Amino acid sequence: MYRRASIRAILGLLLAVVLTTGTAFAQDEAPESIKIGYAISKSGPFVGGASVTTLPNYQLWVHDVNERGGILLSEYGVRVPIEVIEYDDRSSSEEAIQAVQRLINQDEVDFILPPWGTGMNLAVAPLLNRAGYPHLAVTSVTDRAPELAQRWNNAFFFLGTSTQGSEALVDMLSAMRERGEVGSKVAMVAASDEFGIELSNAARDSFGAADFELVYDRSYPGGTQDFQSIVGEVARLEPDIFVAFSYPPETLAITDAAMVLDFNPTVYYTAVGTAFPLFVNRFGDAAEGVMGIGGWDANSPLIQEYRDHHIDVIGAAPDRWASPNTYASLQVLEQAIERVGRIDRAAVIEEIATGTFDTVLGEVTLQDGLLTKLWWVGQWQGGEFVALAPIEREGIGEAIVPKPEWPEAE
Amino acid sequence: MIAADIAITGLIVGGVYSLIAIGLTLQYGVARILNLAYGETFVASAFGAYWLYDSLSMSPLVGLVVILPAAFIVNWLIYSFLLTPLVRRAANRDALEVDSILFTFGLLFVVQGVLLVIFGGQYYSYSYLAVPLDFLGSVVPVNRLIAFGVAVALGLVLYLLLVRSRIGTAVRAVAVDPRSASLVAINVRSVSALAFAVGGTLCAAGGALISMFYTFNASMGVAFTMKALIVVIMGGVGNVLGALVAGLLLGVAETSVSRLIDPGLTLAATFLLFILVLLVRPTGLFGRSS
């Protein structure tokens, strides 16, 4: 008994010596934590988007990484946990710039995650470029993305361009028309802000080129929640296809008005917010057949696992457009850091630009700084937002056309 | 036919605007508190209605039974304990107005912060009574029709109360000239507290009713404050009937422009009408000439 105990004690002591010298050696070099900073809208008009698409995924990723013990820095042979520094940019680009400056100069963070929204990302982009931080511009849809990715080698875009989006939509509609499923009359409304204007301009060209007839083409001031007169006018024109490049509160208000007026075109499409869990929670069975921007391959095990994990940790489902892309961008960052094996931002940028990564979207390789495999049109089918376009991509679902009747209101 | 449709749709939209503004006109016109946290109160009560509906399955219309007394008490307490010191030390009404702007500006962030902590930043929306109804040849959702009805009823009832009743006369006296009012044995402070609390209650009624069809989140209050201010100033500060008429007018103007010209110009139409009214009547439609 005595001897066995002493042997155990000696072994334990030896192990302790090995461990302490080992870690002592590593501690000379390895940082205690990897500091990750971000400025995000926690108040102001952008909070509605940021707190659905962006912030939950940052929290989820930090949770996942730290549960694993941190990011493995092979140079030191240890996992280093993430420490988060968070600021509220109050939905103002000036605040966002100031916060990012503070993260760089004062907090001296190792990496910076982007704010939410096209305008905000463009606002902080030059700053991140000058300071040499990788910029994962996920929630920004702009036609200038290819040009910007070229100008700023540290900037990476994960959501494509407005033109790709509208072309994917129009291609899908053209194919439906060829199959005789839908007519040519299109009514289009758009929010008169950067996103709505860019998408509707691109769509106008695409519809024109594909010989669709635009019977209604108007914009409305962003933030409008009274849509009965617009939808009433649209319904009077009896279009086959209704397209609204709308933001979340408007998406709900337009759909409400369409239900009240029993306006049920063959194809009914609203933009941002359609993919939010809020939409299907609010409309229930009435969401069936509604199309919107985004979508995902609901049959992919990766996506299913991601969705369930998001619900477990965050307590709510992710949005089915930019959420998985946001999480994927963080996985890209993590794997790039691990491959470099130390905090070396220039090397990480190089790795993101050239490497191939395993993400919830599957294998991801950026082309000239852009993620090109994207989903552009989704449709609510039995509680899932099934991707329908681009039609040449694998993994698309069967579209439900014509859209089913709106159910009777309770 | 189109004219009738525009008129009805416009009146329904305008009813919402009146409902948003009617409480502010009491708070600003009588209690002389330019309440910048007005929209936050509005949104808070929308959250209240949502919470009652979501967790207790209580209809927002029944929820008013809980929300309105709560709003009255909270607003009365805010006035009695937080605003009274300002009223006491203010040398004149202008000084009180400046102080109240500063105070309620701070209150705005407190309320908004609390809402953000409790509900987070995401959008909330539920559907209640989004049932179409044929109303004089136009289709109208029942929830909006209720909001319109309540706005009109509140406007008329309050107007009659103010003009016909004794306490109403006292309220009007305070609105016109608090110093002289105190000379004829009106307790100016308690009348002001009453006006502020009733204003807050009306605001809460608006928030709860609008939550039936508007999407809202914790940071949306400012938009409601702005809309309310436009309607209040256009209708004449302190004039309940003015707020009602100005709200309806704006609704009809917006809908006409949206239907006949371009929906993109609705905001421009709002402000054009606002400017025109103020050019002709600087104190608002029903305002007293100063």
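Remember, it's a predicted structure, so these values are computed and weren't measured experimentally. Sequence order as written defines residue numbering, which begins from 1 separately in each chain. Note on labels: chains are lettered from A, ligands numbered from 1, in written order. Predicted model: local features are reported for residues with pLDDT of at least 70 only, side-chain atom pairs are reported and counted for 80 or more only, and whole-chain, interface and lining totals are derived from all residues.

A. Representation of the overall build of chain B. Helix and strand assignments come from DSSP, with helices taken as H or I runs of at least 4 residues and strands as E runs of at least 2, each series counted from the N terminus. Within chain B, the regular secondary structure consists of eleven helices and two strands. Along its sequence from the N terminus, chain B presents helices and strands in the succession α-α-α-α-β-β-α-α-α-α-α-α-α. Two things to know: the radius of gyration comes from C-alpha atoms, and the globule rule equals 2.2 Å times the number of residues to the power 0.38. Taking 2.2 N^0.38 as the reference for a compact globule, 290 residues should give roughly 19 Å; the C-alpha atoms of chain B span a radius of gyration of 19 Å, in line with that estimate. Exposure is read from a count of other C-beta atoms within 10 Å of each residue's own; the residue is exposed at 12 or fewer, buried at 20 or more and partly exposed in between. C-beta atoms are placed from the backbone. Residues classed as buried in chain B amount to 55% of the 290 residues present. C-beta atoms are first placed from the backbone for all residues, and any pair lying within 7 Å is then listed as a contact. For chain B, restricting intrachain contacts to residue pairs at least 6 apart in sequence, the fraction spanning at least 24 positions comes to 78%.

B. Broad picture of the domain arrangement of chain A. All names here are of chain A. Splitting chain A by domain gives domain 1 (34-161 + 300-365) and domain 2 (162-296 + 377-389). A domain assignment, automatic or from a database, supplies the domain bounds used here. Relative placement of domain 1 and domain 2: their C-alpha centres are 29 Å apart. With 17 residues of domain 1 at the interface, the matching set in domain 2 holds 17 residues. Among the secondary structure elements, those contributing two or more residues to the side of domain 1 that touches domain 2 are helix 2 (47-67) and helix 4 (118-131). Here the element with the most residues in the side of domain 1 that touches domain 2 is helix 2; it accounts for three residues. Throughout, the ten residues Ala, Val, Leu, Ile, Met, Phe, Trp, Tyr, Cys and Pro are labelled nonpolar, Asp, Glu, Lys and Arg are labelled charged, and all others, Gly among them, are labelled polar. Of the residues belonging to the side of domain 1 that touches domain 2, the class tally is seven nonpolar, seven polar and three charged.

C. Spotlight on the interface of chain B and chain A. Taken together, the contact between chain B and chain A spans 30 residues of the former and 34 residues of the latter. Secondary structure elements with two or more residues in the side of chain B that touches chain A: helix 1 (2-29), helix 4 (93-119), strand 2 (138-141), helix 10 (240-261) and helix 11 (266-280) of chain B. Considering every element that reaches the side of chain B that touches chain A, the biggest residue donor is helix 10 of chain B, with three residues. For the side of chain B that touches chain A, the class distribution of residues is 14 nonpolar, 14 polar and two charged.

D. Seen up close, the sheet that holds strand 4 (residues 82-88) of chain A. All names here are of chain A. Paired strands, in this sense, are two strands between which DSSP finds at least two bridges. Reading across from one edge, 4-1-5 is the order of the three strands in this open sheet, with parallel pairing throughout. Strands at the two margins of the open sheet, each flanked by one partner only, are strand 4 and strand 5 (111-113). Strand-to-strand twist in this sheet, taken as the mean axis angle between neighbours without regard to direction, amounts to 25 degrees. Relative to strand 4, strand 1 (residues 34-40) runs parallel, the two sharing seven bridges. Bridge pairing links I36 to V84 in strand 4. Lines fitted to C-alpha atoms define the axes here, with helix axes fitted over just the stretch in contact, and angles between the N-to-C directions of these axes take values from 0 to 180 degrees.

E. Up close: the packing of helix 10 of chain B against helix 11 of chain B. All names here are of chain B. Viewed as axis vectors pointing N to C, helix 10 and helix 11 meet at an angle of 140 degrees, and their least axial separation amounts to 9 Å. Here helix 10 lies oblique to helix 11, going by the angle between them. The two elements helix 10 and helix 11 cross, and the hand of that crossing is right-handed. Counted together, L250, A253, E254, V257 and S258 of helix 10 and T266, A269, T270 and L273 of helix 11 form the full contact between these two elements. Residues that form the contact of helix 10 with helix 11 fall into these classes: five nonpolar, three polar and one charged. Each angle gets one of four labels, with under 35 degrees taken as roughly parallel, over 145 as roughly antiparallel, 65 to 115 as roughly perpendicular, and the rest as oblique. Helix crossings are classified by the rotation of the near helix relative to the far one: an anticlockwise turn of less than a right angle makes the crossing left-handed, while a clockwise turn makes it right-handed.

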